[in-house]
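Here are the chains, one letter per residue:
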Amino acid sequence: PPPAAQIHRLLRQHWGEARLQRLHDIGRTAAKLGTPAYLVGGCVRDLLQNHPAPDTDLAIEGDVRAVAEACTAQLSGMQCTYHPQFGTAILEYPDGFRLDLARCRVEHYPAPAALPEVRPGDIVADLARRDFTINAMAISLDPGSFGDFLDPHGGRMDLQHGLLRVLHPLSFVDDPTRILRGLRFAVRFHLRLEPGTHVLLKTALARDIFARLSGARLWRELKYVLELDDLAGVFEKLDAWQLWPLLRPVPPKSETLLSSMQRGQQEIAWFHRHCPGEKLFDTAVLLTLIWRHIPWAEAEKRLHCWPVTDGHHILRDLQFLSEVSEALAKATRPSAAAQLWASLSLPGILALLAEHPESDAVAESGRHYLLKQRGLKSPLSGRDLQAMGLAPGPQLGKVLRRLYEAHLDGEIEDKETARQWLIRQGILPSIQP
Ligand code: ATP
């Protein structure tokens, strides 16, 4: 294992002296309470790979609440959130630095894919319950052994050799979500399955292990997979690990699906650049592209099984996307195009944009709709029209609609040009009293 001095160097290099000092403080506080603390999981893995770690997890051999409260008492401005139902705590420093604390625990799976029964344990047991060797390493924060590296399953060697390895034969059966977690790690860190783990994966799939998993748990993991930047890597692993059936419905084999999804990623990035702060369910764009060429009835039947947020929007888009696409190619007026775009959800619009080359007419009309037309308000309201002498009623509604279309077509810009337009249309008399 790397000597403590090397761990110190890595910590100082990636976290800086001030944060390293915080780890020393926590280690001392925890030791005083008789509950040793360790850095664990992804942050240790990332440290060894010279990646900065966004999340920092601590495992405590004892009462998490006592450690969290003692740390909070020592530093003014430190926030502590304790979750009694999970026995976890979040410490947030005044500068935003965050630490997640959890109690070391043993897990027992009463049945395949069931949620585990949990009881307190020590750090060795806590590492043994984890998903992969590369995530089962820890660094001691105890003052007597600060920086000592715990790697009982050989995670560092596996990381060096680019191998993804489970800790025990029933790992995927206990928790099939580990298969998709593993896919994410394999793509992110360019790992391949250790041969024994590959056999275990095949065995678990042959037992149809995912069928036992709740839709919500499977869906969450799939969503994380689709959020990876490297979609080519995801496709390669979905093929190699034979995981396409998880998508339910499975998209037909297609040479162009990957490139259309990569275009989808570009459109998502384009949208976030141009409409910062606006909410978009990114995954829905990719799901729409994945399921785009599946017969709608089939999609409808299967999509109901998924707890997909906004699933009904995806379904509706799938139903009308081809029709809208054809009509858009024929639309001559910007107002007609705007109405067609408005019939799709935001992810549906971006999915359709992804199907067109960046600069073709449909793509341009879509971008124009998103940036210029979508938020447009008619310069005159029904009340304004009534003040101009128009009687309330269905006719007024029709005028409002035509006015709005003229606005979308760029024929009017403000109240005055709208008034002139109404005169030109013979709706208002040319000389008003
Ligand atoms: P990242 O946050 O960079 O994606 P991470 O390893 O921190 O990676 P988390 O999902 O935050 O991922 O999990 C933290 C740690 O908890 C993991 O490193 C792993 O040790 C353990 N873990 C999480 N989920 C499971 C699981 N389903 N089975 C076993 N261990 C798990």
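Rules of the game
Residues numbered from 1 in each chain as written. Predicted model: local features only at pLDDT ≥ 70, side-chain atom pairs only at ≥ 80, totals over all residues. Heavy atoms only, no water. Near = heavy atom within 4 Å. Polar contact = N/O pair within 3.5 Å; in protein donor to acceptor, adjacent residues only side chain to side chain. Areas by Shrake-Rupley, 256 points an atom, 1.4 Å probe, with all protein chains shown as cover. Helix = DSSP H or I, 4+ residues; strand = E, 2+ residues; numbered from the N terminus. Nonpolar A, V, L, I, M, F, W, Y, C, P; charged D, E, K, R; others polar. Domains from an automatic or database assignment. Contact = heavy atoms within 4.5 Å. Buried area = accessible area lost by both parts, 1.4 Å probe. Axes fitted to C-alpha atoms, helices over the stretch in contact; angles between N-to-C directions. Parallel < 35°, antiparallel > 145°, perpendicular 65-115°, else oblique. Left-handed = near helix turned anticlockwise from the far one by under 90°.

The next subject is the site of the ligand. Surveying the vicinity of the ligand reveals 16 residues, the closest of which are Arg-45, Asp-175, Arg-178, Arg-181 and Arg-188. Take Arg-181: an N or O atom from its side chain is 2.9 Å from an oxygen atom of the ligand. Look at the ligand: alone it shows 590 Å² of surface, and the protein chains cover 77% of it. Per-element tally for the shell around the ligand: the top contributor is helix 7 (residues 177-189), with six residues. Of the residues contributing to the shell around the ligand, the split by class is one nonpolar, four polar and 11 charged. Taken domain by domain, the makeup of the shell around the ligand includes at least three residues from each of domain 1 (1-161) and domain 2 (162-246).

Time to look at the domain arrangement of the protein. According to the domain assignment, the protein contains domain 1 (1-161), domain 2 (162-246), domain 3 (248-373) and domain 4 (382-424). Between the C-alpha centres of domain 3 and domain 4 there is a distance of 32 Å. Between domain 3 and domain 4, the residue contacts involve six residues of the former and five residues of the latter. Across the domain 3/domain 4 interface, buried area totals approximately 470 Å², and carbon plus sulfur atoms make up 41% of it. Considering only the surface of domain 3 that becomes buried against domain 4, Arg-333, Ser-335 and Gln-373 emerge as the three largest contributors, covering 64% of it. Looking at the side of domain 3 that touches domain 4 element by element, the count peaks at four residues for helix 15 (residues 334-342). Each residue belonging to the side of domain 3 that touches domain 4 can be placed in one class, and the counts come to two nonpolar, three polar and one charged.

Moving on, we get to the packing of helix 11 (residues 257-274) against helix 12 (residues 282-290). In the contact formed by helix 11 and helix 12, the axes pass within 9 Å of each other and the chain directions differ by 155°. Here helix 12 runs roughly antiparallel to helix 11, going by the angle between their axes. The interaxial crossing formed by helix 11 with helix 12 has right-handed handedness. Along its contact with helix 11, which presents Leu-257, Ser-260, Met-261, Gly-264, Gln-265, Ile-268 and His-272, the element helix 12 presents Asp-282, Val-285, Leu-286, Leu-289 and Ile-290. Residues of the contact of helix 11 with helix 12, tallied by class, amount to seven nonpolar, four polar and one charged.

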